[in-house]
Amino acid sequence: MRGKAFTWQEGVVLALILLLAAGLRMGQPGITEFKRDEANLSLLALDLANGRAFPLLGIGSSVGIPNAPFNAYILAIPYWFSSSPLIATQFIGLLNVLAVLLVYVLARRYAGIWAAFIAALVYAVNPWAVIFSRKIWAQDMLPLFFLLTLMAGLLGFYERKRWAQWAFLPLLAITGQIHYGAFVILPAALWLLWIGRRHLHAVVLVGLVLAVVLTLPYVFGVVQALGSGVSLGSVVAQRESETQIGLSGQAILGAGLMIAGTEIHSLAGPDAFRDYLSTVPNAYPLFSVLSLGVALAAVWLMVKAVRNPTWRTPVDVLLLLWLIAPILMFSIAWTTFYIHYLIPVLPAAALVLGFAVQDGWNMLAQSRLRTGFFLAGGTALAAVLLLQVGLFLSLLAFLNFRHTPGGFGTPLHHLLRVREAIYAESPQQVIADVGGLALIYDDEPTIWRTLLYDVPVLQFENAETRVYPAETAVFLTNGCDLPDTQIFLRRAGEGCYSLTNRQRSDFVATGFQPISGSDTVLFANGVRLLQYRWDAPCLKLLWEITQTTTTDYQFAVHFFDENGNRIAGADGLSWPGVYWQPGDWVERQFCLAEPDERIVRVDVGMYTYDGATFANVDLLDANGAPIGQMQSMELK
């Protein structure tokens, strides 16, 4: 480090700052969100950590283009040790504590000890920096890798260290693949290459080759997706047609509130945020002083760079590009703006403030006012930072106990209690009715698919589909009123999760009629129709699975009058093929829009549809010979 030698007193202060950063980011890890995006990213990482798949693409993005898979590669590290998302959440927090350390190192090396203390402390307690350090989001990995990349650039192209020149481009490639929003690093990266252009070493080419190698999985994934007919740009094109390109003030406002640490009540959602605000002092106006301070500090560094350049000027310019470029880039309304796009701005803002404070300290070296001036300023800053910590901890407690519709999701520890109870039974099969059937797209099934990753068989049902397994299975539902259940309360007003068992004997046969020939006739895909129940305008089918499949089969349900005329249809998905287990019974309901007294018969068949071609499934007799494609039933 440049400047004075590192002392034990400085080490104590740094340790306290890091402990504070760790407490805010890693403390009470159960009070964190675990929603669909976190679950989908975790699934990719879990598959990689367990050797089940090597992802070539990451999860989808809000602009319609899949992210690169490198975030899943990083997240596979904690998931290699445990399938619990709690460990992965702590890992994300640790990465962000290391980011605080690197903020300190960068400021200490290029500005001084006061710059390091101020920058690290401001960044450590910034509420938004903390919020975006506490869950499994690709964006939450960016601060550390931004700092690693830009510090490698400074060491390599500003200080001419060969090893850092070699590391710069690979780190840039990794950072760019963590989240597509990382493209805002490009102005700062180009500036580093520019200032080091006369001192480039051949190792940069080695780094370039490694950067290309690190990018190849994503390239292969994109090529593979395009080859399979996936339109990666469809959502982008739609957004471009819906968005009028122009200037927007959202990014400037977003940067201002993030740097200040205001508006954190938005996590409580559109309904409950007022209740949170009523429990805390109105400190937001005080927090806004930080945004003003960073703005003034940026102006100072600009003026200094133009009027009085020094050896540190290239570093100052780097910080300004790091701070300002993302805000300018997202001030152009080329896509919907989300506040998390500006996560990388937060360490830059802390560094700009710290550098300016250090300059002020140095400039007043001969003034008697220096000690008093900085004591007053330090006291005011400490008061603001303490208020930030207090409001954040109050918010955390509020989110833990209060249902926040449209805001913060169910805290992870509520989900983990249910997970632990299920694993305590060592089940071979779990059936869940938590809303939806589609993995990746439906929230709760995706969440529970991740939480119950180690369960051998996990199936989902909904109001139209009920599953009765051949062997006793654990049954999970998000209801509170089922008999003989183990109930797990969530936050006040949020409802429950319940656990019980499910087996074939739970099927209630009242009103069901046997289907003629069900003992000897089945479909070629292994489906055997067993019974039906007609409660106009709904038909319930009970069918048995005799073999596994990965295909999603549709039921063709055609209704006829007494003259044999088809008068209505109620086709629908049988059940996602990924859930099929031999021996399971499935009760599936098909409903018409309204009753029709003319209906006397229904024909049931099965087929697949790939978007272009229908393929009917044959009915087979006891000898396996085709005997048609529809099973007829006279409705009673």
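Residues take numbers from 1 onward in each chain, read along the sequence in its written order. It should be noted that, the model being predicted, local features are given only for residues of pLDDT at least 70 and side-chain atom pairs only at 80 or more, the latter also being counted only at that level, while totals for whole chains, interfaces and linings use all residues. Side-chain measures here rest on the full set of heavy atoms in the structure, leaving out hydrogens and waters.

Some points on the overall build of the chain
Thinking step 1. Numbering of helices and strands runs from the N terminus, with a helix taken as a DSSP run of H or I at least four residues long and a strand as a DSSP run of E at least two residues long. When you go through the chain residue by residue, the secondary structure sums to 19 helices and 19 strands.
Thinking step 2. Counting only C-alpha atoms and orienting by the principal axes, one finds that the chain spans roughly 105 × 55 × 45 Å.
Thinking step 3. The buried label applies to any residue whose accessible area, calculated with a 1.4 Å probe on protein chains only, is under 20% of its type's maximum; exposed applies above 50%, and partly exposed to all values in between. Here the chain, with 636 residues, has 53% of them falling under the buried criterion.
Thinking step 4. We call two residues contacting when some pair of their heavy atoms lies within 4.5 Å. Counting only contacts in the chain whose residues sit at least 6 apart along the sequence, the fraction spanning at least 24 positions is 74%.
Thinking step 5. Exposure was quantified through the Shrake-Rupley algorithm and a 1.4 Å probe, taking into account, for residues, occlusion by the shown protein chains and nothing else. As presented, the chain carries roughly 28000 Å² of accessible surface, and 61% of it is formed by carbon and sulfur atoms.
Thinking step 6. Counting 39 positive and 45 negative side-chain charges, the chain places the averaged centre of each group 20 Å from the other. Only four residue types enter the tally: Lys and Arg on the positive side, Asp and Glu on the negative side, with His and both chain ends excluded. Taken as the charge centre is NZ of Lys, CZ of Arg, CG of Asp or CD of Glu, depending on the residue.

Here we look at the pairing of strand β1 (residues 429-433)
Thinking step 1. With five of five residues buried, β1 is to be regarded as a mostly interior element.
Thinking step 2. Side chains Q429, I431 and D433 of β1 all project onto a buried face; the interleaved residues V430 and A432 project onto the opposite face, where all are buried too.
Thinking step 3. Being paired, for any two strands, means DSSP has found at least two bridges between them. Direction of pairing for β1 relative to strand β2 (residues 457-460): parallel, over a ladder of four bridges. Bridge pairing in β2 links A432 to F460.
Thinking step 4. Crossover handedness is defined by viewing with both strands directed away from the observer: a clockwise path from the first strand over the helix to the second marks the crossover as right-handed. Crossover connection from β1 via helix α19 (residues 443-451) to parallel β2: handedness right-handed.
Thinking step 5. Summarising the sheet, β1 and strand β4 (residues 473-477) pair through four bridges and their orientation is parallel. Residue I431 lies in a different strand from β4, and its bridge partner there is F475.

Topic: the packing of aromatic side chains
Thinking step 1. In this analysis, rings of Phe, Tyr and Trp, with Trp reduced to its six-membered ring, are considered paired at centre separations within 6.5 Å, and the interplanar angle assigns stacked below 30 degrees, edge-to-face beyond 60, and tilted for intermediate values. This structure, assessed with the given rule, holds 32 aromatic pairs.
Thinking step 2. Between F330 and Y341, the ring centres sit 4.8 Å apart and the planes meet at 20 degrees, which makes this aromatic pair stacked. Taken together, the residues span a long stretch of sequence, with F330 in the loop between α15 (313-329) and α16 (345-363) and Y341 in the loop between α15 and α16 at a distance of eleven residues.
Thinking step 3. When its relative accessible area of 5% is taken as the criterion, F330 is described as buried.
Thinking step 4. Ring centres 5.0 Å apart and planes at 65 degrees place the aromatic pair F507 and F512 in the edge-to-face group. Here F507 matches F512 in class, with each residue buried.
Thinking step 5. The structure contains a cluster of three or more aromatic residues connected by ring pairs, namely Y180, F183, F330, F337, Y338 and Y341.
Thinking step 6. In this structure, R490 is placed above the aromatic ring of Y497, and the distance from its NZ or CZ to the ring centre is 4.2 Å. Over a ring means this: the NZ of a Lys or the CZ of an Arg is within 6 Å of the ring centre and within 35 degrees of the ring normal.

Quick notes on the sheet that holds strand β8 (residues 522-523)
Thinking step 1. Reading across from one edge, β8-β17-β18 is the order of the three strands in this open sheet, with antiparallel pairing throughout. Of all the strands in the sheet, just β8 and β18 (626-628) have a single pairing partner and so form its edges.
Thinking step 2. In terms of strand pairing, strand β17 (residues 619-620) meets β18 through two bridges, oriented antiparallel. Note that in β18 the partner of L619 across the bridge is G628.

Some words on the confidence of the model for the chain
For any part of a model where pLDDT is low, the fine detail of the predicted coordinates should not be relied upon.
Thinking step 1. One number per residue, pLDDT, summarises how confident the predictor is, and it ranges from 0 to 100. Across the chain, the average pLDDT comes to 92, with 96% of residues at or above 70.
Thinking step 2. Segment residues 234-242 is flagged for pLDDT under 50; beyond a separation of four residues in sequence, or across chains, it makes ten contacts in the model.

Some words on the environment of L342
Thinking step 1. Mapped onto the elements, L342 comes out in the loop between α15 and α16.
Thinking step 2. Leave out the neighbours within four places in its chain, and L342 touches A251, G254, A255, M258, P326, I327, F330 and F337.

A look at the nonpolar core
Thinking step 1. In terms of nonpolar packing, the biggest core is built from 190 residues, with L106, L351, F355, W448, W543, F555 and F559 touching the most fellow members.
Thinking step 2. In contact with F555, other than residues within four places in its own chain, are V527, L529, L541, W543, D571, G572, S574, F590, V604, G605, M606 and Y607.
Thinking step 3. The next biggest cluster of nonpolar side chains, apart from the first, holds six residues, and it includes Y468, F507, L542 and W585. Take the buried residues of types Ala, Val, Leu, Ile, Met, Phe, Trp, Tyr and Cys, join any two whose side-chain atoms come within 4.5 Å, and each joined set is a nonpolar core.

Side note on a nonpolar patch on the surface
Thinking step 1. Patches draw on residues past 30% relative accessible area with no salt bridge. Two like charges within 9 Å are joined, as are two nonpolar side chains (Val, Leu, Ile, Met, Phe, Trp, Tyr) within 5 Å. For this document, the term salt bridge refers to a Lys or Arg side-chain nitrogen within 4 Å of an Asp or Glu carboxyl oxygen. A contiguous nonpolar surface patch, about 1000 Å² in accessible area, is contributed by W166, L205, V206, L208, V209, L210, V212, V213, L216, V219, F220 and V223.
Thinking step 2. Element by element, the count of residues in the nonpolar patch is highest for helix α10 (residues 203-227), at eleven residues.
Thinking step 3. On the secondary structure map, V212 appears in helix α10.
Thinking step 4. Of the residues examined, V212 reaches a relative accessible area of 44% and is grouped as partly exposed.

With respect to the sheet that holds strand β6 (residues 496-502)
Thinking step 1. A sheet is described by the order of its strands in space; here five strands give the open sequence β2-β1-β4-β6-β5, paired in mixed fashion. With partners counted over all chains shown, the strands left at the sheet margins are β2 and β5 (486-489), one partner each. On average, each strand axis in the sheet is inclined to that of its neighbour by 20 degrees, with strand direction left out of account.
Thinking step 2. Bridge count for β5 against β6 is four bridges, and the pairing is antiparallel. Following the sheet pairing, L489 is matched in β6 by C496.
Thinking step 3. Its contacts with the sheet place α19 against β2, β4 and β6, and it is angled at close to 170 degrees to β2. Note on geometry: axes are C-alpha line fits, over the in-contact stretch for helices, and angles between N-to-C directions span 0 to 180 degrees.

Examining the state of the cysteines
Thinking step 1. In this description, a disulfide is simply a cysteine sulfur pair whose atoms lie within 2.5 Å. Enumeration according to the criterion identifies two disulfides in this entry.
Thinking step 2. One disulfide bridge connects C480 with C496, the sulfur atoms lying 2.1 Å from each other. Torsion about the S-S bond of the C480 and C496 cystine: about 105 degrees, corresponding to right-handed handedness. Here C480 is found in the loop between β4 and β5, whereas its partner C496 is found in strand β6, with 16 residues between them in sequence.
Thinking step 3. For C480, a relative accessible area of 36% corresponds to the partly exposed category.
Thinking step 4. Along the chain, the cysteines engaged in disulfide bonds are linked according to the scheme 1-2, 3-4 when indexed in sequence order.

A few points about helix α3 (residues 70-81)
Thinking step 1. With respect to burial, α3 is a largely interior element, nine of its twelve residues being buried.
Thinking step 2. All of the buried residues along α3 are F70, N71, A72, Y73, I74, L75, A76, P78 and Y79.
Thinking step 3. Against α2 (36-49), α4 (85-110), α7 (142-158), α8 (162-178) and α10 lie the buried residues of α3.

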